[in-house]
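An overview of the molecular structure
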Amino acid sequence: MAAVEEAIGTLKQKERELRRKLSELREQRRSLIEELKELRARRLELIEKIRERRAKLREKIEEKRKLQGELAKLREERKEALERFKQARDEALRIKKEYEEIVNSVGVPERVLRRRISRLERRIETSPLTKDQERDIVMQISQYEAMLQELNRAKSLKRKFIEIMAEAERWRFFVRDSGEKIGEIKGQLKEIYEYITKEKEELDKIREEIDELSNIINEKSSEVDRMKEEMDKIREEMKAVQEEIKKRFEKIVTSNKEVERKLKEKLAEEALEKYKAGEKLTIEELKVLMELGLLEKPASS
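Described in the following lines is the structure provided in the data block.

Across the interface, helix H3 (residues 110-126) lies against helix H4 (residues 131-200) with an axial gap of 10 Å and an inter-helix angle of 155°. The angle between the axes of H3 and H4 places the two elements in the roughly antiparallel class. Between H3 and H4 lies a crossing whose hand is left-handed. From H3, Glu110, Leu113, Arg114, Arg116, Ile117, Leu120, Glu121, Arg123 and Ile124 reach across to H4, where they touch Glu134, Ile137, Val138, Gln140, Ile141, Tyr144, Glu145, Met147, Leu148, Leu151, Asn152 and Lys155. Tallied by class, residues from the contact of H3 with H4 come to 11 nonpolar, two polar and eight charged.

Pasting the structure below:
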């Protein structure tokens, strides 16, 4: 048991050492982060300086931004118009196909159907018919009327086809006109891009300093990340040490429980002997015997 306690003490010492090292690294990292803030502030100053030097470019840049926005909007509108044109065209073709299918399936002109219906209705009104004959004629009239309804639906589809084709043409004209406008804007933007590129060449020296600062910042940022990784490793090691300490304590507790169990068994043996001998037992002895289920043994023997 003393060896276990000594091992726990050693582990606790190691935990304290790891915690101290973690604290030192945390402080070093905090200092480095502050240095990074200063470097980034300096770089931001240079960036602001570049922005001031770009004063003469602002007008063209603003013009470029507006044209880009107009171009993006026009492209989106043209894309939507092209999609709408395709949808309208496809819908018109679908309606035309449906119209043709209805006309072909009926196969009889409307005037012929109406003439047939009138003839059958007069026959019902003027001719003596049996009930079966009258029923057959009524069913035939219903069939012709259903065919008429299909032809009426075909008429509606034809009107809808004409409307959608007109809509498709409107979208097609928009696509054509917007394409021409896009070409004009792209030409204007090309001139602006060339002007801006030429002006920006004067800012290269400041950019070089910014690049140098960026390299330093990247190096120090990598160092900050490395420290973070090292801190994480220390935390993991601390966690492992803490787990080991916990296991050692659990071992001590388990050992104590084993001692307690053996004492309880010893007490139970002595109490059982007293019980068998008819001696009076203490409450504690009775509890132990009941807990271990030993009070039943004499009765069952």
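This next bit is on the nonpolar core. In terms of nonpolar packing, the biggest core is built from 20 residues, with Val106 and Leu113 touching the most fellow members. Taken together, the elements giving at least two residues each to this core come down to helix H2 (58-106), H3 and H4. Looking at this core element by element, the count peaks at nine residues for H4. Ignoring any residue separated from it by four or fewer positions in sequence, one finds Val106 in contact with Leu113, Met147, Glu150 and Leu151. Counting residues in hydrophobic clusters, the runner-up holds 12 residues, among them Leu32, Leu36, Ile210 and Met227.

We now examine the packing of aromatic side chains. Two aromatic rings, taken as a pair, are described by how far apart their centres are and by the angle between their planes. Under the definition given, this model contains zero aromatic pairs. The side chain of Lys60 reaches across the aromatic face of Tyr195, ending 5.7 Å from its centre.

The final tally for this structure, using the stated rule, is 28 salt bridges. Between Lys220 and Glu35 there is a salt bridge, and its shortest N-O distance comes to 3.1 Å. Taken together, the positions of Lys220 in helix H5 (residues 204-276) and Glu35 in helix H1 (residues 2-53) put the pair 185 residues apart, joining distant regions of the chain. Residue Glu35 is classed as partly exposed on the basis of its relative accessible area of 32%. One salt bridge in this structure joins Glu209 and Arg42, with 3.0 Å as the shortest N-O distance. Here the residue Glu209 occupies a position in helix H5, and Arg42 occupies one in helix H1, the gap between them amounting to 167 residues. Here Glu209 falls in the partly exposed class, since its relative accessible area comes to 33%.

Mapping Ser221 onto the fold places it in helix H5. Overall, Ser221 belongs to the buried group, its relative accessible area being 16%. A polar atom in the side chain of Ser221 sits 3.2 Å from the side chain of Arg40. Once residues within four sequence positions are removed from consideration, Ser221 is found in contact with Leu36 and Arg40.

Here Glu236 lies in helix H5. Each C-alpha atom, one on Glu236 and one on Lys86, is 62 Å from the other, the two residues being 150 residues apart in sequence.

Definitions and cut-offs
Residues numbered from 1 in each chain as written. Predicted model: local features only at pLDDT ≥ 70, side-chain atom pairs only at ≥ 80, totals over all residues. Heavy atoms only, no water. Axes fitted to C-alpha atoms, helices over the stretch in contact; angles between N-to-C directions. Helix = DSSP H or I, 4+ residues; strand = E, 2+ residues; numbered from the N terminus. Parallel < 35°, antiparallel > 145°, perpendicular 65-115°, else oblique. Left-handed = near helix turned anticlockwise from the far one by under 90°. Contact = heavy atoms within 4.5 Å. Nonpolar A, V, L, I, M, F, W, Y, C, P; charged D, E, K, R; others polar. Core = buried A, V, L, I, M, F, W, Y, C linked by side-chain atoms within 4.5 Å. Buried < 20%, exposed > 50% of the residue type's maximum accessible area, 1.4 Å probe, protein only. Phe/Tyr/Trp six-rings, centres within 6.5 Å; stacked < 30°, edge-to-face > 60°. Lys NZ or Arg CZ within 6 Å of the ring centre and 35° of its normal. Salt bridge = Lys/Arg side-chain N within 4 Å of Asp/Glu carboxyl O. Polar contact = N/O pair within 3.5 Å; in protein donor to acceptor, adjacent residues only side chain to side chain.

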